[in-house]
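What follows is each chain in one-letter form.
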Amino acid sequence: MSITELTGLDVPTGLLIGGEWAKGNATFPVLDPATEEPLAEVADGTVSDALDAVAAAQAALPGWAATPPRQRADILHRAFVLMKERAEQFARLMSAENGKSLRDARGEAAYAAEFFRWYAEEAVRIEGTLMRAPSGGNRILTMHQPIGVSLLITPWNFPAAMATRKIGPALAAGCPVVLKPAEDTPLTALALAALLREAGVPDGVVNVVNTSDPASVVAAMMNDSRVRKMSFTGSTEVGRILLGQAARSVMSTSMELGGNAPFLIFEDADIDAAVEGALIAKMRNGGEACTAANRFYVHDAVADQFNQAFAARLRAMKVGPGLDESTDIGPLVNEETRSKVVGLVDGALASGASALLGGRAPERRGYFYEPTLLDGVAADSAILGTEIFGPVAPVVRFTDEADAVRWANASEFGLVAYVYTQDLRRGLRVSEALESGMIGLNRGLVSDPAAPFGGVKQSGLGREGAHEGLLEYTETKYIATDW
Ligand code: ADP
């Protein structure tokens, strides 16, 4: 079945440069992770295509920056409306190329559209300040101006939301963009670009360059002084390379990198609520989320109760192709991701953990892995220090709050942490002590377009979402004056 028949969407497969769909000289395949069969062939962008896209964005910059904020807002609002209308088609497209269950994909389509709405609302709220200098000698006037051409690099785990979370604020701020989607999931990005054109985005303001060679194509754009901003969501490993490249032209960066979220359950927690939260924090998107709970620290007094209830819910989850309505957990995105999960679980089992559930990849075609619950995981097990990116929950027991906080903080990452307790003072005390950009306090989900999303330590730099996410695409200009 063609991708159009499968999704009901007319999905472009070219490169979008300066308002024209270009075919490119070669193509690369996009696979269906549930069958390992090709879904479509998309144009394979080169360094020269990427530089053309940068030139197109640069040419569009003066016009877009000068476009009245209300007009930019109206275009983003139209994009929101169109995406809501086509949410089901976008969900099917994401299930097809990423593998996620339709339920997860529907959630993402709605969440992704909300970034267009939020930033349509923010586009008309870009305010400066005016104050009298403390010396009384002059006035201090500040304004936020568009930073310039922005390079947006997105991962495959949330192919729509990670794109709209960057495109929304960039466009609201007045910045044209070049979007470089992940090679596993370019189709969603291409469909979004088509939707944005339909919503009225002028030529050159949104460009898309898919490529099977991200290292060379991105390096060329990072080396181009016309690009003034780079926003990346992906692994810390690639983030480090990009930060090195950004140094050359002193480029502004926003980096949303890896996570290793601890999920703390205290003895005074509401265990039913903790199980619900754990299901969302661990199993949403099959565990393929940088916010996924990666390590469960559970108080010894409630660990058996939690494990039993959590295992029962996991056992009831159905593993299958994402596009099958009854599926709870789709396949992982590719073989590399699955073999990483296999290696981590095998390592944990070899060093003394026990699998209360799952612990292996099923014998079937497609990159599937079973929901897995591991108890008695050794504190130095690699699975606790590595982003798992799969439906695997390792449990470590604790008896002392200070230990739980210390272990949770013993990581180079600090994106999000989850805390379950009914004691308000403990909840706030622990939230304050955790080295993390975001906390889910008695909640298994933190993402919201209106909230500042981002990490501390090696989980990243800057914030996406909220008003802060818009300011990442602006420069503050200060004018000293008097009258
Ligand atoms: P993940 O582990 O989630 O696949 P990656 O960091 O590998 O995350 O990928 C995130 C994005 O970074 C993708 O768009 C990918 O194409 C891009 N990417 C991967 N390697 C490089 C690189 N060397 N330089 C620039 N971008 C890269």
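Each remark here, short or long, concerns the structure printed above.
Each chain has its residues counted from 1, running along the sequence as written. Totals for whole chains, interfaces and linings use every residue, but because this is a predicted model, local features are given only for residues with pLDDT of at least 70 and side-chain atom pairs only at 80 or more, for both listing and counting. Processing note: side-chain calculations cover all non-hydrogen atoms of the structure and skip hydrogens and water entirely.

### Points about the overall build of the chain
Helical segments are the DSSP runs of H or I of at least four residues, strand segments are the runs of E of at least two, and each set is numbered from the N terminus. Within the chain one finds 16 helices and 22 strands. Compactness check: the chain gives a C-alpha radius of gyration of 23 Å against a globular reference of 23 Å for 483 residues, within 12% of the reference. Its C-alpha atoms put the chain at 65 × 65 × 40 Å along the principal axes. The contact criterion used throughout is that any non-hydrogen atoms of two residues lie within 4.5 Å. Counting contacts in the chain only where the partners sit at least 6 residues apart, residues at least 24 apart contribute 73% of the total. Residue burial considers only the protein chains on display, and all accessible areas are found by Shrake-Rupley using a 1.4 Å probe. Summing over all exposed atoms, the chain offers an accessible surface of approximately 18,300 Å²; the carbon and sulfur share of this is 52%. In the chain, the 43 positive side-chain charges and the 60 negative ones have mean positions that sit 4 Å from each other. We take the radius of gyration over the C-alpha atoms and set the globule estimate at 2.2 Å times the residue count to the 0.38 power. Charged residues are defined here as Lys and Arg on the positive side and Asp and Glu on the negative side; His and the ends of the chain fall outside this count. Charge positions are represented by NZ for Lys, CZ for Arg, CG for Asp and CD for Glu.

### Remarks on the pairing of strand 12 (residues 261–265)
For strand 12, the buried fraction is high: 5 of the 5 residues fall into the buried class. Here strand 12 shows a buried face lined by Ala261, Phe263 and Ile265 and a second buried face lined by Pro262 and Leu264. A strand pair is defined by DSSP finding two or more bridges across the two strands. Bridge count for strand 12 against strand 13 (residues 293–299) is 5 bridges, and the pairing is parallel. Residue pairing across strands places Leu264 opposite Tyr297, the latter belonging to strand 13. The definition of a right-handed crossover adopted here requires that, viewed with the strands pointing away, the path from the first strand over the helix to the second runs clockwise. For the handedness criterion, the β-α-β arrangement of strand 12, helix 10 (residues 271–283) and strand 13 is classed as right-handed. In this sheet, strand 18 (residues 416–420) lies alongside strand 12 in parallel orientation, the contact comprising 3 bridges. Bridge assignment links Leu264 to a residue of strand 18, and that residue is Val419. The buried label goes to any residue with under 20% of its type's maximum accessible area, the exposed label to any with over 50%, and the partly exposed label to all in between, with areas taken from a 1.4 Å probe on protein chains only.

### Structural notes on the environment of Leu373
By secondary structure assignment, the location of Leu373 is in strand 15 (residues 372–375). With a relative accessible area of 0%, Leu373 lands in the buried category. Each C-alpha atom of the pair Leu373 and Met94 lies 27 Å from the other, and the pair is 279 residues apart in sequence. Setting aside chain neighbours within four positions, we find Leu373 in contact with Asn307, Phe310, Ala311, Leu314, Ser354, Ala355, Leu356, Leu357, Ala393 and Val395.

### Points about the site of the ligand
Only heavy atoms are used to decide nearness, and a residue is near a molecule or strand if one of them lies within 4 Å of it. The full set close to the ligand counts 16 residues, and Thr154, Trp156, Lys180, Glu183 and Ser235 are the nearest of them. Measuring from an oxygen atom of the ligand, one finds a backbone N or O atom of Thr154 at 2.7 Å. Across the complex, the protein chains shield 79% of the 550 Å² of accessible surface that the ligand would expose by itself. Cavity membership is defined here by more than half of the atoms lying within 2 Å of grid points; on that basis the ligand lies in the largest pocket. Pairing of N or O atoms within 3.5 Å defines a polar contact, subject to two protein rules: one partner must be a possible hydrogen donor and the other a possible acceptor, and residues neighboring in sequence count only if both atoms are side-chain atoms. Cavity means a closed set of points on a 1 Å grid over the protein atoms alone, one where a 1.4 Å probe fits but cannot get out, pocket means an open set with protein on both sides within 12 Å along at least 5 of 7 lines, and lining means a residue has an atom within 4 Å of a point. Here the criterion for a molecule occupying a pocket or cavity is that more than half of its atoms lie within 2 Å of the pocket grid points.

### Comments concerning the nonpolar core
In this description, a nonpolar core means a group of buried Ala, Val, Leu, Ile, Met, Phe, Trp, Tyr and Cys residues linked to one another through side-chain atoms lying within 4.5 Å. Within the largest apolar cluster, 67 residues are counted, with the highest numbers of intra-cluster contacts made by Met83, Phe90, Phe116, Ile167, Leu171 and Val206. In this structure, Phe116 is in contact with Leu76, Ala79, Phe80, Met83, Thr164, Ile167, Gly168, Leu192, Leu195 and Leu196, ignoring residues within four places of it in sequence. Residues Leu279, Cys290, Val395 and Leu415 belong to the second largest nonpolar core, which totals 37 residues.

### Concerning the layout of surface pockets
Using a probe with the size of a water molecule, rolled over the atoms, empty space left in the structure can be pinpointed. Grid points are joined across faces, edges and corners, and a volume is the space filled by probe spheres set on the points. Here the largest pocket is characterised by a volume of approximately 1,200 Å³. Considering the residues around the largest pocket, the lining is formed by 45 residues, among which Trp156, Gly234, Ser235, Val238 and Glu336 are closest to the centre. Residue contributions to the lining of the largest pocket peak at 7 residues, all from helix 9 (residues 236–248). When its volume is computed, the second largest pocket comes out at roughly 250 Å³. Lining of the second largest pocket is provided by Arg103, Asp104, Gly107, Leu279, Ile280, Met283, Arg284, Arg313, Ala316, Met317 and Asp328. Just so you know the grouping, Ala, Val, Leu, Ile, Met, Phe, Trp, Tyr, Cys and Pro go in nonpolar, Asp, Glu, Lys and Arg go in charged, and all remaining residues, Gly too, go in polar. Looking at the lining of the second largest pocket, its residues break down into 5 nonpolar, 1 polar and 5 charged.

### Structural notes on the pattern of salt bridges
A pair is scored as a salt bridge if a Lys or Arg side-chain nitrogen falls within 4 Å of a carboxyl oxygen belonging to Asp or Glu. If you walk through the whole model with that rule in mind, you get 29 salt bridges. A salt bridge links Asp268 to Arg426; the nearest nitrogen and oxygen atoms lie 3.0 Å apart. Here Asp268 is found in the loop between strand 12 and helix 10, whereas its partner Arg426 is found in helix 15 (residues 424–433), with 158 residues between them in sequence. Arg426 gets classed as buried once you look at its relative accessible area, which sits at 12%.

### Comments concerning the packing of aromatic side chains
For Phe, Tyr and Trp, where Trp contributes only its six-membered ring, two rings pair if their centres lie within 6.5 Å, and the inter-plane angle classes them as stacked under 30 degrees, edge-to-face over 60, or tilted in between. Inspection of every chain in the model, using the stated rule, returns 10 aromatic pairs. A centroid spacing of 5.6 Å and a plane angle of 90 degrees characterise the contact between Trp156 and Phe389, whose relative ring orientation is edge-to-face. In this pair, Trp156 sits in the loop between strand 7 (149–153) and helix 6 (161–173) while Phe389 sits in the loop between helix 13 (382–385) and strand 16 (392–398), placing the two residues 233 residues apart along the sequence. Each member of the pair Trp156 and Phe389 is classed as buried. Ring geometry for Phe296 against Phe310: centres 5.7 Å apart, planes inclined by 50 degrees, an arrangement best described as tilted.

### What to know about the pairing of strand 11 (residues 252–256)
On a regular strand, each side chain points to the face opposite its neighbour's, so the side chains alternate between the two faces of the sheet. Across the 5 residues of strand 11, 4 count as buried, placing the element largely inside the fold. Bridge analysis of strand 10 (residues 227–233) against strand 11 gives 5 bridges, and the strand direction is parallel. Note that in strand 11 the partner of Lys229 across the bridge is Ser252. A crossover links strand 10 with its parallel partner strand 11, the connecting element being helix 9, and its sense is right-handed. In terms of strand pairing, strand 11 meets strand 21 (residues 460–461) through 2 bridges, oriented antiparallel. Paired with Met255 across the strands is Leu461, a residue of strand 21.

### Some words on the sheet that holds strand 5 (residues 129–132)
Paired through their backbone hydrogen bonds, the strands of a sheet run either parallel or antiparallel. The antiparallel open sheet is built from 3 strands, whose spatial order is 5-6-22. Here the strands that pair on one side only, and so sit at the sheet edges, are strand 5 and strand 22 (474–481). Along the sheet, successive strands turn relative to each other by an average axial angle of 20 degrees, direction set aside. When strand 6 (residues 139–146) meets strand 22, the two strands line up antiparallel, connected through 8 bridges. In the strand pairing of strand 22, Arg139 is matched with Thr481. To define axes, lines are fitted to C-alpha atoms, for helices over the stretch in contact only, and angles between the resulting N-to-C directions are given on a 0 to 180 degree scale.

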